[in-house]
Amino acid sequence: MEDIKVLIADDQELIRESLSIVLNMEEQLTVVGLAQDGEEAVRLCEKLVPDVVLMDINMPNMDGVSATKLIKDAWPHIRVIILTSYKDVDYVITALANGAEGYLLKSLHPRSLASSIRLVHSGGTLITKEMAASLIHNQVQKKEEETFINNEERMQHLIQTYGLSEREVEVLKLLAKGLRNNEISERLFLSGGTVKNYISNIYAKLEVKGRREAADKAKNEGLI
């Protein structure tokens, strides 16, 4: 079986040389090239056609994420592992979106790194548990932020289109969810009379005759 050809791209010479020494001591692994930035990594991929590229992220001239995209577009069969000390989840998302097969931290034990290279070369993908957890958290947080922004946009639309106040929009939202007046009072810490007044104003501004029509309008406007 032929050795797995590895290209290392890192702007720090000490890291490049250290990884080269360690990986060349492993069975079935041969380091065929060292690149000091993303541009050189792309050039060496064309010249050497490695099987796996260990790609740093933060490098001059061209970062690892951009280099990964160019490499995967030109040579889809070359496997790329993002190897970095950064724990920024945004890099993980972008690198994987650009085609990287894995993402590992430089603190990983050399033996584990060698095993990871063999795994990726055989067709597998990998990402640390820590990064997977962070990725999930990031996606959930992003979805929550998008929901908040959408709700804010809908609220502003109702305010501008129908002349509702923010409090009236809040009351309308709860009304459309099926809450009764006393439940809305408890939820918003308002008196029953105040809620009743808000609902009367809502009906007038929306030009509807009752709760069902108001709820239907709120749903049509995407408020719930």
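Residues numbered from 1 in each chain as written. Predicted model: local features only at pLDDT ≥ 70, side-chain atom pairs only at ≥ 80, totals over all residues. Heavy atoms only, no water.

- In the nomenclature of an unreviewed UniProt entry, the chain is known as Response regulator receiver of Peribacillus asahii.
- Annotation of the chain in UniProt includes, under Subcellular location (unreviewed entry), the sentence "Cytoplasm". (UniProt positions renumbered as here; feature names shortened; annotations may be inferred.)

1. Structural notes on the overall build of the chain
And step 1. Helix and strand counts for the chain come out as ten helices and six strands.
And step 2. Sorting the 224 residues of the chain into buried and exposed places 42% on the buried side.
And step 3. Intrachain contacts of the chain at a sequence separation of at least 6 include 61% that bridge at least 24 residues.
And step 4. For the chain, the accessible area works out to roughly 12,500 Å², and carbon and sulfur atoms hold 50% of it. (Helix = DSSP H or I, 4+ residues; strand = E, 2+ residues; numbered from the N terminus. Buried < 20%, exposed > 50% of the residue type's maximum accessible area, 1.4 Å probe, protein only. Contact = heavy atoms within 4.5 Å. Areas by Shrake-Rupley, 256 points an atom, 1.4 Å probe, with all protein chains shown as cover.)

2. A look at the pairing of strand 2 (residues 29–35)
And step 1. Strand direction decides the pairing type here: strand 1 (residues 4–9) and strand 2, joined by six bridges, are parallel. Each bridged residue has a counterpart across the sheet, and for Ala9 the counterpart in strand 2 is Ala35.
And step 2. Since strand 1 and strand 2 lie parallel, the crossover through helix 1 (residues 13–24) that links them has a hand, and here it is right-handed. (Pairing = 2+ DSSP bridges. Right-handed = clockwise from strand over helix to strand, strands pointing away.)

3. Focus: the nonpolar core
And step 1. By size, the foremost hydrophobic cluster in this structure holds 24 residues, and its most contacted members are Cys45, Val53, Met55, Ile71, Val80 and Ile82.
And step 2. Of all elements in the fold, only strand 1, helix 2 (38–48), strand 3 (52–55), helix 3 (64–74), strand 4 (79–84), helix 4 (89–97) and strand 5 (102–105) reach the threshold of two or more residues within this core.
And step 3. Top element by residues in this core is helix 2. It accounts for four residues. (Core = buried A, V, L, I, M, F, W, Y, C linked by side-chain atoms within 4.5 Å.)

4. Side note on the sheet that holds strand 1
And step 1. Within the open sheet, the six strands sit side by side as 2-1-3-4-5-6. Their pairing is parallel. Each edge of the open sheet carries a strand with a single partner, namely strand 2 and strand 6 (126–127).
And step 2. Where helix 2 meets the sheet, its contacts fall on strand 1, strand 2 and strand 3, and the angle it forms with strand 2 comes to roughly 135°. (Axes fitted to C-alpha atoms, helices over the stretch in contact; angles between N-to-C directions.)

5. Some thoughts on helix 9 (residues 192–206)
And step 1. For helix 9, built from 15 residues, the straight-helix expectation of 21 Å at 1.5 Å per residue is met to within 8% by its first-to-last C-alpha distance of 21 Å.
And step 2. Within the sequence span of helix 9, burial applies to Val195, Ile199, Ile202, Tyr203 and Leu206. Summarising the axial view, the buried residues of helix 9 lie within an arc of 100°, below the 170-degree limit, and thus occupy one face. Seen from the buried face of helix 9, the exposed residues on the opposite side, beyond 90 degrees, are Asn197 and Ala204.
And step 3. Looking one or two residues beyond helix 9, the residue adopting positive phi is Glu207, at roughly 60°. (Expected span 1.5 Å × (residues − 1). Arc of directions from axis to C-beta.)

6. Notes on the side chain of Asn98
And step 1. Note on placement: Asn98 falls in the loop between helix 4 and strand 5.
And step 2. Judged by relative accessible area, which is 18%, Asn98 ranks as buried.
And step 3. Discounting chain neighbours no more than four positions away, the residues touching Asn98 are Val65, Thr68, Lys69 and Lys72.

7. Some remarks on the environment of Gly124
And step 1. Turning to its location among the elements, Gly124 is positioned in the loop between helix 5 (110–121) and strand 6.
And step 2. Judged by its relative accessible area of 17%, Gly124 falls in the buried class.
And step 3. Between the C-alpha atom of Gly124 and that of Gly102, which follows or precedes it by 22 residues, the distance is 8.7 Å.
And step 4. Contact partners of Gly124, with chain neighbours within four places excluded, come to Arg79, Glu101 and Leu119.

8. Let's talk about helix 3
And step 1. Among all positions of helix 3, only Gly64, Val65, Ala67, Thr68, Ile71 and Lys72 are buried. Taken around the axis of helix 3, the buried residues stretch over an arc of 155°, which confines them to a single face.
And step 2. Between the side-chain oxygen of the N-cap and the backbone nitrogen of Val65 there are 3.0 Å, and the N-cap of helix 3 in question is Asp63. (Polar contact = N/O pair within 3.5 Å; in protein donor to acceptor, adjacent residues only side chain to side chain.)

9. Overview of the packing of helix 1 against helix 5
The angle between the axes and the distance between the axes are what describe a pair of packed helices.
And step 1. Direction vectors running N to C along helix 1 and helix 5 enclose 70°, while the axes themselves pass 10 Å from each other. Of the possible angle classes, the one that applies to helix 1 and helix 5 is roughly perpendicular. The residues of helix 5 that touch helix 1, namely those facing Leu19, Val22 and Leu23, are Pro110, Leu113, Ala114 and Ile117.
And step 2. A class-by-class count of the residues in the contact of helix 1 with helix 5 yields seven nonpolar, no polar and no charged. (Parallel < 35°, antiparallel > 145°, perpendicular 65-115°, else oblique. Nonpolar A, V, L, I, M, F, W, Y, C, P; charged D, E, K, R; others polar.)

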